[in-house]
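Read off the chains here:
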Amino acid sequence: MQDRPHIIDVHNHLGATTSSSRGDSVDLDDELAARAATLAARGVAQAVIIASHDYLRPDGIADNRKINDGIAMCRTRRPDLFPAAVGIVEPLNGPRGLQELDRCKNELGLHGISFHTRLQGVSLDSRWVRRYLERMGELGLVPFLHSIGESSAEALWKVDVLAADFPDLPMIVLDAFSTFEQSLFAPHVAERRPQLVFDTALAHGFSVVMNLISRCGADRVMYGSDLHSSASGIPAVTDLAADILASPLTDADKAAVLGGNAARILGLQHAGTTNSGAHE
């Protein structure tokens, strides 16, 4: 059967190792099995898993550590499916977050750190986010920056400002296409900040993503779906994988967007193509 690109979904939130924000208990094995089935149904070979930001944190840094331990455990359970895991540091933990960054890299072997500052009590361009980015650059951890257009705490213009101060640090921008206005702004930011790569999550259609690719190249976009754990209560979102495959992009550009760019930036083994009849 016809080969298709090896698809890596770079934006999967997994919160199976803790209670959900609703207080429900979650079974890890059930959650991993459900995620594997969802990815297989979409023809996705692998996913980068990101810890969930909606966890309860009455014990501060101890809760933060548990979340990072949990996402590392999920990766260890299914390294074939989850080649990389991304943790969280809380800017409100100040200098203790710097210690957690070191632990995430050196003990847990995480590939990156996610910021979702509208859920973290600070602005994306805050002092401690900047301190963490400095340390992440030293450690080789990739920043995953959520940028929901409706949130002033993480609007794309703040990503733009932040990126100007870290021109040599590759960053993955999540949810930049979440509003129409921000979708139009994204190519302008991409032109100015060549170290930024944008995922496709929450885009209202592939045309807005194609606009950025046409202006800045296919190496600036990676496929992401923003899948969440079932206990989060967040419904499944529109998936653009089929739209990317059906788009007028060249085969090489499709392969880059659907998996190659993620593999390159995160240093993952990349299988190139997957037989369309062989999915887990």
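Residues numbered from 1 in each chain as written. Predicted model: local features only at pLDDT ≥ 70, side-chain atom pairs only at ≥ 80, totals over all residues. Heavy atoms only, no water.

- As annotated in an unreviewed UniProt entry, the protein chain carries the name Amidohydrolase family protein and is attributed to [Mycobacterium] burgundiense.

**Notes on helix α6 (residues 180-192)**
Alright, step 1. A bend of about 30 degrees at A186 is the largest found in α6, and the proline P187 appears one to four places after it.
Alright, step 2. Where α6 is concerned, the buried positions are Q182, S183, A186, P187, V189 and A190.
Alright, step 3. Of the surrounding secondary structure, the elements contacted by the buried residues of α6 are α5 (156-165), β8 (196-199) and α7 (206-216). (Bend = angle between axes of the 7 residues up to and from the residue. Helix = DSSP H or I, 4+ residues; strand = E, 2+ residues; numbered from the N terminus. Buried < 20%, exposed > 50% of the residue type's maximum accessible area, 1.4 Å probe, protein only. Contact = heavy atoms within 4.5 Å.)

**Overview of helix α9 (residues 251-266)**
Alright, step 1. Between its first and last C-alpha atoms α9 spans 22 Å; for 16 residues at 1.5 Å apiece the expected length is 22 Å, and the two agree.
Alright, step 2. Most of α9 sits inside the fold, with 12 of its 16 residues counted as buried.
Alright, step 3. Of the residues making up α9, those classed as buried are K254, A255, A256, V257, L258, G259, G260, N261, A262, A263, I265 and L266.
Alright, step 4. In the stretch just after α9, G267 is the one whose phi turns positive, near 70 degrees. (Expected span 1.5 Å × (residues − 1).)

**Digging into the packing of aromatic side chains**
Alright, step 1. Tallying each qualifying case throughout the model produces one aromatic pair.
Alright, step 2. Residues W128 and Y132 carry aromatic rings whose centres are separated by 6.0 Å and whose planes lie at 50 degrees to one another, so their mutual orientation is tilted. Highlighted residues: W128 and Y132, both in helix α4 (residues 127-139), separated by four residues, approximately one helical turn.
Alright, step 3. Given the relative accessible area of 18%, W128 is considered buried.
Alright, step 4. Look at Y132 and you get buried, because its relative accessible area is 0%. (Phe/Tyr/Trp six-rings, centres within 6.5 Å; stacked < 30°, edge-to-face > 60°.)

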